[in-house]
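The primary structure of each chain is shown beneath.
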Amino acid sequence: MALDDIPIKAEHAAGGLTGNAQALLGEIAALLQRLLATGQGGAIDLASLPFSPADREWLAQRLGRGEVEIRLMAGGLSTFNETACPGVWWVSHHNEAGVRVSELIEVARIPELALAHPDDVKMGLERLNNLLNDLN
Amino acid sequence: MNRNGNLLENLAWQGISRRSFLKYCATLASLMALPPTAGRAMAEALARAPRPSVIWLPFQECTGCTESITRSHSPSIEGLIFDAISLDYQETLMAAAGHQAEEVLHKTVAENEGRFVLIIDGSVATGLDGAYSCIAGRSNLDLLREVGPKAAAIVAVGSCAAYGGIPKAHPNPTGAVAVSDIIKDKPIVNIPGCPPIPVVMTGVLAHYLTFGSLPELDRLGRPRAFYGETIHDRCYRRPFYDQGKFAKTFDDEGARQGWCLFELGCKGPVTYNACAHVKWNDGSSFPIQSGHGCIGCSEPDFWDAGGFYKALSMPADPLKLVAGAAVAGAAVGVAVSIANRARKGAAKAAHETATLADLEK
């Protein structure tokens, strides 16, 4: 039996818009305003909302793509893509098997995970000093 | 692994960076409905936490809960939590066997009295003095009565340990009961589900390690962070319920459009669990997303709660279903009548009453 003979027709995801993505745009705008006023941004967990695949597509299209893309290789790939609205990042965390484990909108000037921790910077300095010592 | 070093140092030894750890904590925090900033705080606390001893006892169970947890996510990241605890006894995972294993159990209990966390999966058989389920010649009931009171806290993993589950299903031949029916004076966290979502278990352990206490529980002893809302509340198909758009059969236009499965028997509205947002198989899907209603496996007595395909708006009391059964039989025709008759015959022999609910399971 050929695949086409099976009487199931696939529906395009656009049919499943719930209207929730639109509401989210307002929430992102409020977070951006807070970021400007206080320097404190925020994050919205996309996985924990009643959100259909079509909603996700709609939101991604409306937010668009910005200039910066950050790739983090730590326990699997994480991507931080700036949207067309600077300060709004589309964050996807994947595990080592390449499966997406969480997805969020982060509102910040730079995503928190991309910043180097002072302790790690200290370790980096130690490493450099060791290198220099070895060379001398 | 060096048991004395802090967690982050130990992880660094294994090639796991601070960012990997922070990423894991951020994901965990979001799953636990904590504010986004909690990830960093959790990471800091977890890195400093002392390493508590954990004993895992399997009772009347199918090992599905262990399967669920050990196959969760990528081993190294989910394993972070297992690096933060000292899992001293777990029959399925430990290398030791027989007398050696039993020795480890009793030594761990003696050395950590009042401080270890006891994880239990499976119900407790009480029939024939617990003889239906034994380990090393001792009944589960006996072992629980000895070890339970010495634990700091008990985590009942799976619907069986939490409520009695499938072993307790009618007519409950082994006299199965929940852990909380035997142990009354210890804090017990119930993590129901058949099986439970893996990250819920690691989340409870992470909470214990981070805050030094058990998470806030609801009236059935479940952590509110994961069981605070129904599947229905968090379901991506919820907006269709609100709009009155329902699939009427599993292959109609509504089903294809991804409409609400309420009329096909979805138990989402009365089931408290995190499936709708945490999801299964590394977050890829959950039953409703795959086109089947929720069967309510994390609720007490789900197996006896009426048919899986009966809408919640239909009466669940089997006694009231007799009239409905007759109508359904007439409509579907001879095949069902014969099945009913066969079932009736079997029921008569077993001195049980057959109901529509029995047939639909």
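Here, the structure is the one placed above.
Residues numbered from 1 in each chain as written. Chains lettered and ligands numbered in written order. Predicted model: local features only at pLDDT ≥ 70, side-chain atom pairs only at ≥ 80, totals over all residues.

Draft legend 1. Up close: unusual backbone geometry. All names here are of chain B. Omega for the peptide link from His170 to Pro171 comes to 10°, which places this bond in the cis form. Looking at the element boundaries, Pro171 is found in the loop between helix H8 (158-163) and strand S8 (176-177). In this model, Cys194 is joined to Pro195 through a cis peptide bond whose omega is 0°. Positioned with a positive phi, Thr63 is a non-glycine residue whose angle comes to about 70°. If you trace the backbone, Thr63 turns up in the loop between strand S1 (53-58) and helix H4 (64-70). Thr63 gets classed as partly exposed once you count the C-beta atoms within 10 Å, which come to 14. A positive phi is found at Leu128, a non-glycine position, where the angle reads about 50°. (Helix = DSSP H or I, 4+ residues; strand = E, 2+ residues; numbered from the N terminus. Buried ≥ 20, exposed ≤ 12 C-beta atoms within 10 Å, placed from the backbone.)

Draft legend 2. The arrangement of the pairing of S1 of chain B in detail. Residue and element names in this part refer to chain B. Along S1, 5 of the 6 residues are buried, which leaves the element largely enclosed by surrounding structure. With 4 bridges joining them, S1 and strand S2 (residues 86-90) adopt parallel strand pairing. By the bridge assignment for S2, Val54 is matched with Leu87. Where S1 meets strand S3 (residues 117-121), 5 bridges bridge the pair, whose relative direction is parallel. Bridged to Val54 within S3 is Val117. (Pairing = 2+ DSSP bridges.)

Draft legend 3. Inspection of the interface of chain A and chain B at higher detail. On the side of chain B, 27 residues touch chain A, which itself brings 32 residues to the contact. Mapped by element, the contributors of at least two residues to the side of chain A that touches chain B are strand S1 (42-45) and strand S5 (100-107) of chain A. Here the side of chain A that touches chain B takes 4 residues from S5 of chain A, the largest share from any one element. Looking at the side of chain A that touches chain B residue by residue, the class counts come to 11 nonpolar, 15 polar and 6 charged. (Contact = placed C-beta atoms within 7 Å. Nonpolar A, V, L, I, M, F, W, Y, C, P; charged D, E, K, R; others polar.)

Draft legend 4. Spatial organisation of the packing of helix H1 (residues 20-38) of chain A against helix H2 (residues 53-63) of chain A. Residues and elements named next belong to chain A. It is the contact of H1 with H2, at a shortest axis distance of 9 Å, that shows an interaxial angle of 40°. One element, H1, and the other, H2, form an angle in the oblique class. At the point where H1 passes H2, the crossing takes the right-handed sense. Two secondary-structure elements touch here, H1 through Asn20, Ala21, Leu24 and Leu25 and H2 through Asp55, Trp58, Leu59 and Arg62. (Axes fitted to C-alpha atoms, helices over the stretch in contact; angles between N-to-C directions. Parallel < 35°, antiparallel > 145°, perpendicular 65-115°, else oblique. Left-handed = near helix turned anticlockwise from the far one by under 90°.)

Draft legend 5. The environment of Tyr241 of chain B, seen in detail. Its location among the elements puts Tyr241 of chain B in helix H12 (residues 238-242). Sequence-distant contacts of Tyr241 of chain B, that is, excluding residues within four places in its chain, are made with Cys260 and Phe262 of chain B.

Draft legend 6. Highlighting the pairing of strand S9 (residues 188-191) of chain B. Residues and elements named next belong to chain B. Burial of the side chains of S9 extends over both faces: Ile188 and Asn190 are buried on one face and Val189 and Ile191 on the other. As paired elements, strand S7 (residues 153-157) and S9 share 4 bridges and run parallel to each other. Counterpart to Val155 in the pairing with S9 is Val189.

Draft legend 7. A look at helix H2 (residues 18-31) of chain B. Given a rise of 1.5 Å per residue, 14 residues ought to cover 20 Å, and the 20 Å separating the end C-alpha atoms of H2 of chain B matches this to within 8%. Burial of H2 of chain B is extensive: 13 of the 14 residues sit out of reach of the surface. (Expected span 1.5 Å × (residues − 1).)

Draft legend 8. Molecular detail of the sheet that holds strand S3 (residues 77-82) of chain A. Taken together, 5 strands build an open sheet; the order of strands is S1-S5-S4-S3-S2 (chain A) and the sheet is antiparallel. Looking at which strands have only one partner, the edges of the open sheet turn out to be S1 and strand S2 (69-73) of chain A. The average angle at which neighbouring strand axes cross in this sheet is 20°, direction not considered. Relative to S3 of chain A, S2 of chain A runs antiparallel, the two sharing 5 bridges. Bridge pairing links Met73 of chain A to Leu77 of chain A in S3 of chain A. Across the face of the sheet, H2 of chain B comes into contact with S1, S2, S3, strand S4 (88-94) and S5 of chain A while running at roughly 85° to S5 of chain A.

Interpretation in functional terms is not warranted from these geometric data alone.
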